[in-house]
Amino acid sequence: MPDSDSDSSGDLNVLSEDPLCAGVFLSNLDVPVSPTEGHFIRSHFPAPQINSADWSLPITGDVETPINLRYHDLLKMPSHEVVSLMECAGNSRSTMQPPAEGVQWDNGAVSVSRWKGVSVKTVLEQASLKSVATDVLFEGVDTGTEPHSGGPLRYAMSVPIEKLLDPDTLLAYEMNGETLPKDHGYPIRLLVPGWYGMASVKWLSNITVMDHPNGGFHEMDYCIYPATDGKADAKVKRVTSLKVKSLISTPTKGSFVTPGSHKIKGVAWSGDGHITKVEISTDDNRTWRPAKLEQPCGSYSWQHWEYDWEAASLGHSLLRSRATDSKGNVQPMLAQWNFRGYQVNSIHSVPITVRKD
Ligand SMILES: Nc1nc2c(c(=O)[nH]1)N[C@H]1C(S)=C(S)[C@@H](COP(=O)(O)O)O[C@H]1N2
Ligand SMILES: [Mo]
């Protein structure tokens, strides 16, 4: 399966038509912010067609003042912008061995956008949380059947209040200065920066404040991985913050390069602090040398890096990049295997060939 294909006519690599799942080509990662039509798409069910004039967003549950927000009310509220990377928790799943069930993403389910909306905090303050409130359930309009779900259900996820009180967690209505497109959750979606994409519920229909995590299919049967801390009461954990990861954008897998000087380029990110180091190996894991790293661009974006490589020996070569974040997390050679193939942050390896013209 190609990681990237510079000859492709489209901006995205479509893995499934309906529901639409489409990834980016890695050669398109060399930008501060992905163009909107080049942002990956991951929908579990067919995208609903919503007319914003008939749509409203009730905020109920453990609040003093239930409210019902209309689209135009939201547009008039104080706005907030955040440049945030989004990565699907199933990104790079196809590299996991033995194979895991699910959409067989290569490495393209990652993008960065400038999101604009209203801080969830502003809305929760307006509704006034009761003291018992701990989590908030966000439900989408979209419905369908998932493998093993045992029947139709809506896409839904709850998020702890603590994360929602961060002003960068948004009810987003714009992406890169334009109205949110249908496939990205029009009219309003949640944006949870620093977490894998599954929590950023699209096509919001209801917000319910609760005194416990909602659980439910997507939250506790689906977006989970085995807990390794051995606690008997928790065999699985929710997928939440982004693991440290880097990808090589140039050269692309299968490229032919001539002997001499080349730039290896790519991106790196983490949901747990910023990137402090990216190292490159061009000799099959024998030596690692530091790449030049850009300054962080906000807390939630990616950082670009580049490395000057002197391609000396002819033949096949494996290029690898390894990122470290400010909390000391380092990308592993092989990510922990899990049955759904989530949070794969194994070191990216790009096979290329050095040959004379
Ligand atoms: N309502 C709804 N929200 C959703 C989804 C969905 O299928 N339905 N997919 C989730 C997943 S798994 C991801 S990775 C992101 C993808 O967002 P995007 O399509 O805008 O890239 O949306 C999340 N929010
Ligand atoms: Mo996802």
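Just so we're clear, the structure is a prediction, and the values are computed from it rather than from any experiment. (Residues numbered from 1 in each chain as written. Chains lettered and ligands numbered in written order. Predicted model: local features only at pLDDT ≥ 70, side-chain atom pairs only at ≥ 80, totals over all residues. Heavy atoms only, no water.)

> Is there a simple way to think about the pairing of strand E8 (residues 135-144) in this case?
The two faces of the sheet receive side chains in turn, since in a regular strand these alternate between them. Judged by how many residues are buried, E8 sits mostly within the fold: eight of ten residues are covered. Bridging between E8 and strand E9 (residues 153-160) involves seven bridges; their strand directions are antiparallel. Bridging from a neighbouring strand, Glu139 pairs with Ala156 of E9. Inspection of the sheet shows E8 paired to strand E13 (residues 204-210) by six bridges, in the antiparallel sense. Across the sheet, residue Glu139 finds its bridge partner in E13, namely Asn206. (Buried < 20%, exposed > 50% of the residue type's maximum accessible area, 1.4 Å probe, protein only. Helix = DSSP H or I, 4+ residues; strand = E, 2+ residues; numbered from the N terminus. Pairing = 2+ DSSP bridges.)

> Help me understand the layout of surface pockets, please; the structure alone is not making it clear to me.
In this approach a probe as big as a water molecule rolls over the atoms, and the regions it shows empty are the leftover space. The space that makes up the largest pocket amounts to roughly 490 Å³. Forming the walls of the largest pocket are 33 residues, and the residues nearest its centre are Arg42, His44, Cys88, Tyr155 and Tyr222. Looking at the lining of the largest pocket residue by residue, the classes come out as 15 nonpolar, ten polar and eight charged. Counted as a void, the second largest pocket has a volume near 410 Å³. Tyr225, Ser241, Lys243, Gln343 and Asn345 are the residues nearest the centre of the second largest pocket, which is lined by 23 residues in total. (1 Å grid on protein atoms, 1.4 Å probe; cavity = no way out; pocket = protein on both sides within 12 Å on 5 of 7 lines; lining within 4 Å. Points joined across faces, edges and corners; volume = space filled by probe spheres on them. Nonpolar A, V, L, I, M, F, W, Y, C, P; charged D, E, K, R; others polar.)

> Explain the domain arrangement of the protein chain here, please?
In many reports, interface size means the accessible area that the parts give up when they come together. Domain annotation of the protein chain identifies domain 1 (13-238) and domain 2 (245-354). Averaged C-alpha coordinates put domain 1 and domain 2 at centres separated by 28 Å. Between domain 1 and domain 2, the contact holds 42 residues from the first and 25 residues from the second. Regarding the contact of domain 1 and domain 2, the summed buried area is about 3000 Å², with carbon and sulfur atoms giving 59% of it. Three residues, Leu29, Asp30 and Met96, lead the burial of domain 1 against domain 2; their summed loss comes to 19% of the area buried on that side. Here domain 1 and domain 2 share one salt bridge between them. Between Lys245 and Glu87 there is a salt bridge, with its nearest N and O atoms 2.8 Å apart. Inspection of the region where domain 1 meets domain 2 yields 14 residue pairs in polar contact (both at pLDDT 80 or more). Elements with a contribution of two residues or more to the side of domain 1 that touches domain 2: strand E6 (80-87), strand E7 (110-119), helix H4 (217-222) and strand E14 (224-226). In terms of residue count, the dominant contributor to the side of domain 1 that touches domain 2 is E6 (five residues). Classifying every residue of the side of domain 1 that touches domain 2 gives 21 nonpolar, 13 polar and eight charged. (Domains from an automatic or database assignment. Contact = heavy atoms within 4.5 Å. Buried area = accessible area lost by both parts, 1.4 Å probe. Salt bridge = Lys/Arg side-chain N within 4 Å of Asp/Glu carboxyl O. Polar contact = N/O pair within 3.5 Å; in protein donor to acceptor, adjacent residues only side chain to side chain.)

> For this particular structure, what's the right way to read empty space enclosed by the protein?
In total, this model carries two cavities of 30 Å³ or more according to the counting rule given. Counted as a void, the largest cavity has a volume near 50 Å³. Together, Ala268, Trp269, Ser270, Gly273, His274, Ile275, Gly298, Ser299, Ser301, Trp302 and Gln303 line the largest cavity. Taken together, the residues of the lining of the largest cavity break down into four nonpolar, seven polar and no charged. Size it by volume and the second largest cavity reaches roughly 40 Å³. If you trace the second largest cavity, you find it lined by Leu85, Gly194, Leu242, Trp269, Ser270, Gly271, Ser299, Tyr300 and Ser301. In terms of residue class, the lining of the second largest cavity is made up of four nonpolar, five polar and no charged.

> Help me out: how do you make sense of the packing of aromatic side chains in this one?
In this description, an aromatic ring pair is defined by two values, namely the gap between the centres and the angle between the planes. What the rule picks out here adds up to two aromatic pairs. Relative to Trp105, the ring of Phe40 has its centre 6.2 Å away and its plane inclined at 85 degrees; by these criteria the two rings are edge-to-face. Taken as a pair, Phe40 in the loop between strand E2 (21-24) and strand E3 (41-42) and Trp105 in the loop between E6 and E7 lie far apart in primary sequence, 65 residues in all. Judged by its relative accessible area of 4%, Phe40 falls in the buried class. With 5.9 Å between their ring centres and 65 degrees between their planes, Tyr71 and Tyr186 make a pair best called edge-to-face. Taken together, the residues span a long stretch of sequence, with Tyr71 in helix H1 (residues 71-76) and Tyr186 in the loop between strand E11 (178-179) and strand E12 (189-191) at a distance of 115 residues. (Phe/Tyr/Trp six-rings, centres within 6.5 Å; stacked < 30°, edge-to-face > 60°.)

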